[in-house]
Amino acid sequence: MPVDWFPLWLSLRVAFCATVISLVLGLWLAWVLARRSFPGREIIQAVATFPYALPPLIAGTYCILTLAHSEYTFTRSWYIGVLAGAVGVFPLMVRGSRRAFQTRNLNYENAARSLGASEWRVFWRIALLLAYEPILSAAAIAFARVLTEFAAVVLIVYAFTTGISPFPVALVSVIVIIALGAVYISNRLEHEGRDRP
Amino acid sequence: MTHVRIVRRVSPRFSLDVDFPIGPGSTAVYGCHGAGKTVLLESIAGFAHPDSGRILLDDAILFDAVSHVQIPPRRRLCGFVSQADSLFPHMTARQNLVFAARRWPRLERHRRVAEMLDRFQLSAAASTRPRGLDATAKLRCSIARALVAEPRLLLLDECGADESLLRQIREVSPAPILFATADLDLCCEAADQMLLLEAGRILQRGAPRDVLDRPASLEAARLLGVPNLFQATIAALDPVRNSSRLEFDHFSLTGPYIPGHLKGDRVWVAAAAESLRLHSGSPQPPNTAAVELVRASWRAHSVLLEFSCGIFVTVSHDEFARRKDNKDWQVEFPPEALRVL
């Protein structure tokens, strides 16, 4: 029986979009939290970390309910999964990026400022280029997590709606291999970032 | 006018409180570790925010607590070379300089960068990343990068620049230099003015020779490493002969007249180890103290002799070789060598 690869493409699309959204927003918030001092910073930090405290079941259930109410039209409701995934991995991105910005030497940024560089230029030309390995490492982990979580949800829904059970081994294997690859890349990036002077 | 008057509370136990002008040429900030040199330079550069005061650079206000003016570091035009390596590790030496020369048009930028690389003997290493440069080349590159941006004030924070490099900087840039150092010799060699900084306060400022010759206080003398510091009682004062009689714990000496003091006052007296003379045998010259040799410490160009009563004398290797078998030692204190603090 031919394998239907639709759940894989959908999960990859959701994981990619969720990672990009959480990366962009997480980077911005991490930079602000690492470099700015303002009232309420700790509260914002707690709110940004709160999704960590939410069990994945809640996000998953929310997805299932949303998908179920959309008459199984996955193509139209996949963005809900993107949103749930982005919220779920947002703390991962914020914490990973913030740690990267904090551990990287402020010395380089101050040197750039003294040379007349704007904050925008300091961020893009110095801070981001010096901290990209830990940031990409966090992004890779986030991608793997959204991919596996969403794939599990989709496979369950897919199995119920199409009556195909058990899950196709080939499909699950490919998803696991991709997730493992992302985790491997994440570890390599983190290792390289730590070794770089 | 360039003037710094700032107060910055760093911790409950340490605050920086300074007020001094920065003249043309080089000004050295001398102090030991933890004196507040880095905090001072970072405050001028704009990386740290003082609690109060004002910073003027060429009559332009960089910081004023009263009117809430706080010019960001990028608009201060203060070149800053830190003690830690601050060359961007992901750029080559040339790219580091190009980053600093951003505000010039393309051709002008490349001309300036090439000229600066050439002046600081970095042309051969222009395509090398910082990790491939040795410590000296890194320092030259950091300074060249700071200078290519044409700063109005150059701040060097214990970066390891020696006298020849500071001279080279002055040939390239007319900007005043404020450099922090814990090297007293460098202050004498390269600075036009020096500040003695201790625990966030300026103890003394002036020309390096004047500061070294005439420490203004006991703290300044200690910071400068004057080894002979004694407490004495003024036994006699003679303004006509410009002399005084000073009673120490174990000996008495004739010193210069001490204005502003009365007979019986307790004062601190400093004497540089190089200004004292050694004698032996008899007759005993005037203004000497008979002492015993406790220890001899060999230095690169001299020998530091420690005598009883806490007296230190520096002599040349040859002189020590001639006198080392002495049985009785006498240390002469020339009146002009005694500084009453």
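Everything in this summary refers to the structure shown in the same document. (Residues numbered from 1 in each chain as written. Chains lettered and ligands numbered in written order. Predicted model: local features only at pLDDT ≥ 70, side-chain atom pairs only at ≥ 80, totals over all residues. Heavy atoms only, no water.)

**What to know about the state of the cysteines**
Part 1 of the argument: For the coordinates displayed, the defined rule picks out zero disulfides over all chains.
Part 2 of the argument: With no disulfide of its own, B:Cys188 has B:Cys187 as its nearest cysteine by sulfur position, at a separation of 6.6 Å. (Disulfide = S-S within 2.5 Å.)

**Quick look at the sheet that holds strand 13 (residues 243–247) of chain B**
Residue and element names in this part refer to chain B.
Part 1 of the argument: Spatially, the five strands line up as an open sheet ordered 14-13-12-15-22, and their pairing is antiparallel. Edge positions in the sheet fall to strand 14 (252–256) and strand 22 (339–340), since each of these pairs with one other strand and no more.
Part 2 of the argument: By the bridge criterion, two bridges tie strand 15 (residues 266–271) to strand 22 in an arrangement that is antiparallel. Considered in strand 22, the bridge of Val269 is made with Val340. (Pairing = 2+ DSSP bridges. Helix = DSSP H or I, 4+ residues; strand = E, 2+ residues; numbered from the N terminus.)

**Section: the pattern of salt bridges**
Residues and elements named next belong to chain B.
Part 1 of the argument: Using the criterion set out here, one finds 20 salt bridges over all chains in the structure.
Part 2 of the argument: Notably, a salt bridge pairs Arg119 with Glu115, separated by 3.6 Å at the nearest N-O pair. Here Glu115 and Arg119 lie together in helix 3 (residues 106–119), a separation of four residues that amounts to about one turn.
Part 3 of the argument: Exposure remark for Arg119: the relative accessible area of 37% places this residue in the partly exposed category.
Part 4 of the argument: Between Arg170 and Asp192 there is a salt bridge; the shortest N-O distance is 3.1 Å. One end of the pair, Arg170, is in helix 5 (residues 163–172); the other, Asp192, is in the loop between helix 6 (184–190) and strand 10 (193–198), with 22 residues separating them in the sequence.
Part 5 of the argument: Judged by its relative accessible area of 38%, Arg170 falls in the partly exposed class.
Part 6 of the argument: Exposure remark for Asp192: the relative accessible area of 33% places this residue in the partly exposed category.
Part 7 of the argument: Via salt bridges that share partners, Glu108, Arg111, Arg112, Glu115, Arg119 and Glu150 belong to a single interconnected network. (Salt bridge = Lys/Arg side-chain N within 4 Å of Asp/Glu carboxyl O. Buried < 20%, exposed > 50% of the residue type's maximum accessible area, 1.4 Å probe, protein only.)

**Structural notes on unusual backbone geometry**
All names here are of chain B.
Part 1 of the argument: A positive phi angle is found at Glu150, which is not glycine, with a value near 50 degrees.
Part 2 of the argument: According to the relative accessible area criterion, Glu150 is partly exposed, its value standing at 39%.
Part 3 of the argument: Of note in this structure, Glu158 is not a glycine but carries a positive phi near 45 degrees.
Part 4 of the argument: Counting through the fold element by element, Glu158 comes out in the loop between strand 8 (153–157) and helix 5.
Part 5 of the argument: Given the relative accessible area of 31%, Glu158 is considered partly exposed.

**Describing the sheet that holds strand 18 (residues 293–298) of chain B**
All names here are of chain B.
Part 1 of the argument: Strand order across the open sheet formed by three strands is 18-19-20, with antiparallel pairing between neighbours. Single-partner strands in this sheet number two, and they are strand 18 and strand 20 (311–315). Between one strand axis and the next, the sheet turns by 20 degrees as a mean value, whatever way the strands run.
Part 2 of the argument: Inspection of the sheet shows strand 18 paired to strand 19 (residues 303–307) by five bridges, in the antiparallel sense. Pairing of Arg295 across the sheet is with Glu306, part of strand 19. (Axes fitted to C-alpha atoms, helices over the stretch in contact; angles between N-to-C directions.)

**What about the environment of B:Val340?**
All names here are of chain B.
Part 1 of the argument: Looking at the element boundaries, Val340 is found in strand 22.
Part 2 of the argument: As a C-alpha pair, Val340 and Ser217 span 123 residues in sequence and 8.8 Å in three-dimensional space.
Part 3 of the argument: With residues near it in sequence (within four places) discarded, Val340 still touches Ile258, Val267, Trp268 and Val269. (Contact = heavy atoms within 4.5 Å.)

**Brief notes about the side chain of B:Ser26**
All names here are of chain B.
Part 1 of the argument: Looking at the element boundaries, Ser26 is found in strand 3 (residues 26–30).
Part 2 of the argument: For Ser26, the side chain forms a polar contact with the side chain of Arg170, separated by 3.3 Å.
Part 3 of the argument: Beyond its immediate stretch of four places on either side in the chain, Ser26 contacts Arg170, Ile177, Phe179, Ala190, Ala191, Asp192 and Gln193. (Polar contact = N/O pair within 3.5 Å; in protein donor to acceptor, adjacent residues only side chain to side chain.)

**Points about the environment of B:Val291**
Part 1 of the argument: With respect to the helices and strands, B:Val291 occurs in strand 17 (residues 288–291).
Part 2 of the argument: Those residues within four positions of B:Val291 in sequence are excluded, and the remaining contacts are B:Phe307, B:Ser308, B:Ile311, B:Trp329 and B:Val331.

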